[in-house]
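# Geometric and topological summary
The lines below spell out each chain.
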Amino acid sequence: MNGWTRSSASLSLATSLWLGGCSELAKVSENATAIQAESQSLIDHGRMVGDKEVVTRAGRIHDLAADIHGRIPHLEDKTPVWLSTLWWAAAAVALIAVAVILWQTGLGTAVRVAIGWLPRRKIQDANLAAGMLDPDKPEDAREYVAARRASDPEFDAAWRRVHKKGS
């Protein structure tokens, strides 16, 4: 490898690595710029050795690369469908993760109470408790416990466990 080829190879590698995260139009623009630089080097080399064929063809390459630059402003990047789908899936996973974190830390309950979104079972339970404490209503503690055990299987299991230990 001579020095000219080695430097162009390292330039191409550096450009490829740098452009890894850019849009497709930015990649095309950078590559067209690199082609223009390479063709200018060929033109200079052709003039230095007196090879008109090299100068003519390198000039044509240089003009084609310049034409690419002229057409780029009229183009637009398109996001691939798979990338859009991946982006929406990642957003959904992030939302689910936030919901799980809120739920597991107990902050979800605080948010629900703050916005007034209470589960129906909890509202029924509060109505029964209020009725039990109200002297004008016929409900008593036994009715409250029976209704609570009927509406909440976890409460019923805990109630049976407590009474089993007490017996």
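Residues numbered from 1 in each chain as written. Predicted model: local features only at pLDDT ≥ 70, side-chain atom pairs only at ≥ 80, totals over all residues. Heavy atoms only, no water.

### Quick word on the overall build of the protein
A tally of helices and strands in the protein yields eight helices and zero strands. Relative to its 167 residues, the protein shows a buried fraction of 13%. Contacts in the protein between residues at least 24 apart in sequence constitute 39% of all its contacts with a sequence separation of at least 6. Carbon and sulfur atoms provide 63% of the accessible area of the protein, an area that totals close to 13,200 Å². (Helix = DSSP H or I, 4+ residues; strand = E, 2+ residues; numbered from the N terminus. Buried < 20%, exposed > 50% of the residue type's maximum accessible area, 1.4 Å probe, protein only. Contact = heavy atoms within 4.5 Å. Areas by Shrake-Rupley, 256 points an atom, 1.4 Å probe, with all protein chains shown as cover.)

### Comments concerning the confidence of the model for the protein
Confidence along the protein averages 82 in pLDDT terms, with 86% of residues attaining 70 or more. With pLDDT under 50 throughout, residues 1-6 is counted as low confidence; its partners more than four residues away or in other chains account for five contacts. This stretch, residues 16-20, has a pLDDT under 50; its non-local contacts, to residues over four places away or in other chains, come to six contacts. (pLDDT = per-residue confidence, 0-100.)

### Some points on a nonpolar patch on the surface
A surface patch of nonpolar side chains, about 340 Å² in accessible area, is lined by Trp82, Leu83 and Leu86. Here Leu83 is to be found in helix α4 (residues 81-105). The exposure class of Leu83 is partly exposed, given its relative accessible area of 36%. (Patch = residues over 30% accessible without salt bridge, like charges linked within 9 Å, V, L, I, M, F, W, Y side chains within 5 Å. Salt bridge = Lys/Arg side-chain N within 4 Å of Asp/Glu carboxyl O.)

### Describing the packing of aromatic side chains
Within this structure, the stated rule accounts for one aromatic pair. Looking at Arg148, its charged tip hangs above the ring of Phe155, at a distance of 4.3 Å from the centre. (Phe/Tyr/Trp six-rings, centres within 6.5 Å; stacked < 30°, edge-to-face > 60°. Lys NZ or Arg CZ within 6 Å of the ring centre and 35° of its normal.)

### Quick notes on the layout of surface pockets
Put simply, the largest pocket is a space of about 150 Å³. Along its surface, the largest pocket is lined by Pro119, Arg120, Arg121, Lys122, Asp125, Arg148, Ser151, Asp152 and Glu154. Counting only elements with at least two residues in the lining of the largest pocket, the list comes to α6 (120-133) and α7 (141-151). Split into classes, the residues belonging to the lining of the largest pocket amount to one nonpolar, one polar and seven charged. (1 Å grid on protein atoms, 1.4 Å probe; cavity = no way out; pocket = protein on both sides within 12 Å on 5 of 7 lines; lining within 4 Å. Points joined across faces, edges and corners; volume = space filled by probe spheres on them. Nonpolar A, V, L, I, M, F, W, Y, C, P; charged D, E, K, R; others polar.)

### Digging into the side chain of Arg112
Its location among the elements puts Arg112 in helix α5 (residues 107-115). Leave out the neighbours within four places in its chain, and Arg112 touches Trp103, Trp117 and Pro119.

### A few points about the pattern of salt bridges
Evaluation of the coordinates by the stated rule reveals eight salt bridges. Put simply, Arg148 and Asp125 hold a salt bridge, and the shortest N to O gap is 3.3 Å. In this pair, Arg148 sits in helix α7 while Asp125 sits in helix α6, placing the two residues 23 residues apart along the sequence. Of the two residues, Arg148 and Asp125, both sit in the buried class. Its salt-bridge partner being Asp152, residue Arg148 comes within 3.8 Å of it at the nearest N-O pair.

### Some thoughts on the packing of α6 against α7
In the contact formed by α6 and α7, the axes pass within 9 Å of each other and the chain directions differ by 170°. In terms of orientation, α6 and α7 fall into the roughly antiparallel class. On the side of α6, the interface is formed by Arg121, Asp125, Leu128, Ala129 and Met132, while α7 contributes Ala141, Tyr144, Ala147, Arg148 and Ser151. Across the contact of α6 with α7, the residue classes tally to six nonpolar, one polar and three charged. (Axes fitted to C-alpha atoms, helices over the stretch in contact; angles between N-to-C directions. Parallel < 35°, antiparallel > 145°, perpendicular 65-115°, else oblique.)

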